[in-house]
Amino acid sequence: MAKSNTTPTKFNFFSLRFEPYAHLKSEYTSKKILLEVFGYLRELRKEGKGHLIDRNENRAENTPRELFMVGTKILPNQRKILCTMALLRKGRQPKLKPVDKFKLLPIDQIGDIAEETHFFIDFSTHTIVVCAEYNYHGPRVSDLEFYLRNVSRDKLSLSKQTDVAIHFDSTIDKTINELRNVLHIDIKLKPRNIAQMDNDIKGNYFLGMNNIGNMLKPQFLRVESYFQTPGKNDSKIQLNTDANNMMFDLLGVFKKRPKNIGCFEDFVVKYENKDGEDAVFNLLKGKKELVVEIDLKKITLQKMYELVKLDFNDFVLNL
């Protein structure tokens, strides 16, 4: 059997949000800022230039982490942006082994070694969604966020902050084990479904919504609770003990008595995990990692997008 030239390549999904400056909030949405950023990068490329930044510029103790956008492509009809980011490898340089010899040759005379990662960005819905190739040696989604924030803030003066969160393939057990601090809760349900909940969770958490439903008789009720300033990353943010306890309680109920899950139209929690990373738990729609067989020596940005396109579209449609 001939040896396959393909490699299983993983893709993960993220939500991306720009926080515009206060005086621009009425004019600029996240999507508009996103398009302005990539419009700026496209104009630079037309001039034969690029935007290179060092993520570790102000960290003298760290190796430079220089990033630049190699290529971008906007698909207006599909409301997608395809892009490739490069990370220049500093420090110890790899060497080249000739095919027919057992020795290593230096290759740093040509230039710096660069690692590439491909990103696909969907802006067709209310949420900007990023499908990111996982390349251990290349740029990560945190690099993409830093890069886009640098352009939107320092070059275009549009956004003071960005916010990115990974969509895990979260089981209830996994979320219980990794949840450290609740940051944002988004709950949507039909008033009539509150009566179907078990009495303990209905009485402890949803009586207020039930009263509003009885008085106003809306089709749906939605509650969003923020436990940090949107767009602000504060490493000293206090633990939200009451919200955390509520979430542990509800997750325990959902695990032991899953019939309560059907009472909700949406139940999404953004939280900080024990590694200090932002994560998203969606009670109703678990997010799965996408794995695609790819010939990494021959793949192009467009061809890689075609391989993930259908799964990416399905993911966005089911958010």
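What counts, and at which threshold
- Residues numbered from 1 in each chain as written.
- Predicted model: local features only at pLDDT ≥ 70, side-chain atom pairs only at ≥ 80, totals over all residues.
- Heavy atoms only, no water.
- Patch = residues over 30% accessible without salt bridge, like charges linked within 9 Å, V, L, I, M, F, W, Y side chains within 5 Å.
- Areas by Shrake-Rupley, 256 points an atom, 1.4 Å probe, with all protein chains shown as cover.
- Salt bridge = Lys/Arg side-chain N within 4 Å of Asp/Glu carboxyl O.
- Helix = DSSP H or I, 4+ residues; strand = E, 2+ residues; numbered from the N terminus.
- Buried < 20%, exposed > 50% of the residue type's maximum accessible area, 1.4 Å probe, protein only.
- Contact = heavy atoms within 4.5 Å.
- Pairing = 2+ DSSP bridges.
- Phe/Tyr/Trp six-rings, centres within 6.5 Å; stacked < 30°, edge-to-face > 60°.
- Core = buried A, V, L, I, M, F, W, Y, C linked by side-chain atoms within 4.5 Å.
- Expected span 1.5 Å × (residues − 1).
- Axes fitted to C-alpha atoms, helices over the stretch in contact; angles between N-to-C directions.
- Parallel < 35°, antiparallel > 145°, perpendicular 65-115°, else oblique.
- Nonpolar A, V, L, I, M, F, W, Y, C, P; charged D, E, K, R; others polar.

**Digging into a nonpolar patch on the surface**
Nonpolar side chains collect at one region of the surface, where Ile 212, Met 215 and Leu 216 lie side by side and expose about 340 Å² of accessible area between them. Its place among the elements puts Leu 216 in helix α6 (residues 207-216). Using a relative accessible area of 64% as the deciding quantity, one classes Leu 216 as exposed.

**Observations regarding the side chain of Asn 210**
With respect to the helices, strands and loops of the structure, Asn 210 is situated in helix α6. Judged by its relative accessible area of 18%, Asn 210 falls in the buried class. For Asn 210, the residues in contact, after removing those within four places along its chain, are Pro 191 and Ile 194.

**A few points about the pairing of strand β9 (residues 159-167)**
Among the nine residues that make up β9, eight are buried, leaving the element largely enclosed by the rest of the structure. Direction of pairing for strand β1 (residues 7-20) relative to β9: antiparallel, over a ladder of seven bridges. Considered in β9, the bridge of Pro 20 is made with Ser 159. The pairing of β9 with strand β13 (residues 278-282) spans two bridges and is parallel.

**Examining unusual backbone geometry**
One non-glycine residue, Arg 79, lies in positive phi territory at about 55 degrees. Tracing the sequence through the fold places Arg 79 in the loop between β3 (66-75) and β4 (80-89). The partly exposed category is assigned to Arg 79, whose relative accessible area is 37%. Look at Lys 217: it is not a glycine, yet its phi comes out positive at around 55 degrees. Position of Lys 217 relative to the elements: it lies in the loop between α6 and β11 (221-226).

**Considering the packing of aromatic side chains**
For the structure on display, the rule yields seven aromatic pairs. Aromatic side chains Phe 254 and Phe 264 sit 5.7 Å apart centroid to centroid with 80 degrees between the ring planes, which places their arrangement in the edge-to-face category. Residue Phe 254 is found in helix α7 (residues 241-256), and its partner Phe 264 is found in the loop between α7 and β12 (266-273); the two are separated by 10 residues along the sequence. Across the pair, exposure class does not vary: Phe 254 and Phe 264 are buried alike. Ring geometry for Phe 254 against Phe 267: centres 5.4 Å apart, planes inclined by 85 degrees, an arrangement best described as edge-to-face.

**Comments concerning the environment of Asn 181**
Examined against the element boundaries, Asn 181 turns out to sit in strand β10 (residues 179-189). The spatial distance from the C-alpha of Asn 181 to the C-alpha of Lys 270 is 8.9 Å, given a sequence separation of 89 residues.

**Regarding the nonpolar core**
With 60 residues, the main nonpolar core has Leu 34, Phe 38, Tyr 147, Leu 148, Phe 254, Phe 264 and Phe 267 as its most contacted residues. Broken down by element, the residue count for this core peaks at seven residues, all from α7. With near-sequence residues (within four places) excluded, Leu 34 lies in contact with Leu 16, Phe 18, Ile 81, Ile 121, Phe 123, Ile 128 and Leu 148.

**Details of helix α2 (residues 141-155)**
The end-to-end C-alpha distance of α2, which contains 15 residues, comes to 20 Å, matching closely the 21 Å that a straight helix rising 1.5 Å per residue would cover. Burial of α2 is extensive: 11 of the 15 residues sit out of reach of the surface. Among the residues making up α2, those that are buried are Val 141, Asp 143, Leu 144, Glu 145, Phe 146, Tyr 147, Leu 148, Arg 149, Asn 150, Val 151 and Ser 152. With its phi angle positive at about 55 degrees, Ser 157 sits one or two positions after the end of α2.

**Description of the packing of helix α1 (residues 30-46) against α2**
Contact geometry of α1 with α2 gives a least axis separation of 10 Å together with a crossing angle of 90 degrees. Here α1 lies roughly perpendicular to α2, going by the angle between them. Counted together, Ile 33, Leu 34, Val 37, Phe 38, Tyr 40 and Leu 41 of α1 and Tyr 147, Leu 148, Val 151, Ser 152 and Lys 155 of α2 form the full contact between these two elements. When the residues that make up the contact of α1 with α2 are grouped by side-chain class, the tally is nine nonpolar, one polar and one charged.

**Notes on α7**
An α-helical segment advances 3.6 residues per turn. Residues three or four places apart therefore align on the same side. If you check α7, its first and last C-alpha atoms are 23 Å apart, about what 16 residues at 1.5 Å a residue would give, namely 22 Å. For α7, the complete set of buried residues consists of Ala 243, Asn 244, Met 246, Met 247, Leu 250, Leu 251, Val 253 and Phe 254. Buried residues along α7 sit in contact with α3 (172-178), β10, α5 (199-205), β12 and β13.

**Looking at the side chain of Asp 163**
Of note, Asp 163 is situated in strand β9. Given the relative accessible area of 15%, Asp 163 is considered buried. Excluding residues within four positions of it along the chain, Asp 163 makes contact with Ser 15, Leu 16, Arg 17, Glu 145, Lys 270 and Asp 278.

**Observations regarding the environment of Lys 80**
Inspection of the secondary structure assignment puts Lys 80 in strand β4. On the basis of relative accessibility, which here comes to 3%, the residue Lys 80 falls in the buried class. Between the C-alpha atoms of Lys 80 and Val 130, which are 50 residues apart in sequence, the distance is 9.6 Å. Those residues in contact with Lys 80 that sit more than four places away from it in its chain are Lys 73, Ile 74, Leu 75, Ile 121, Asp 122, Phe 123, Tyr 305, Phe 312 and Asn 313.

These figures come from the coordinates and say nothing about function on their own.
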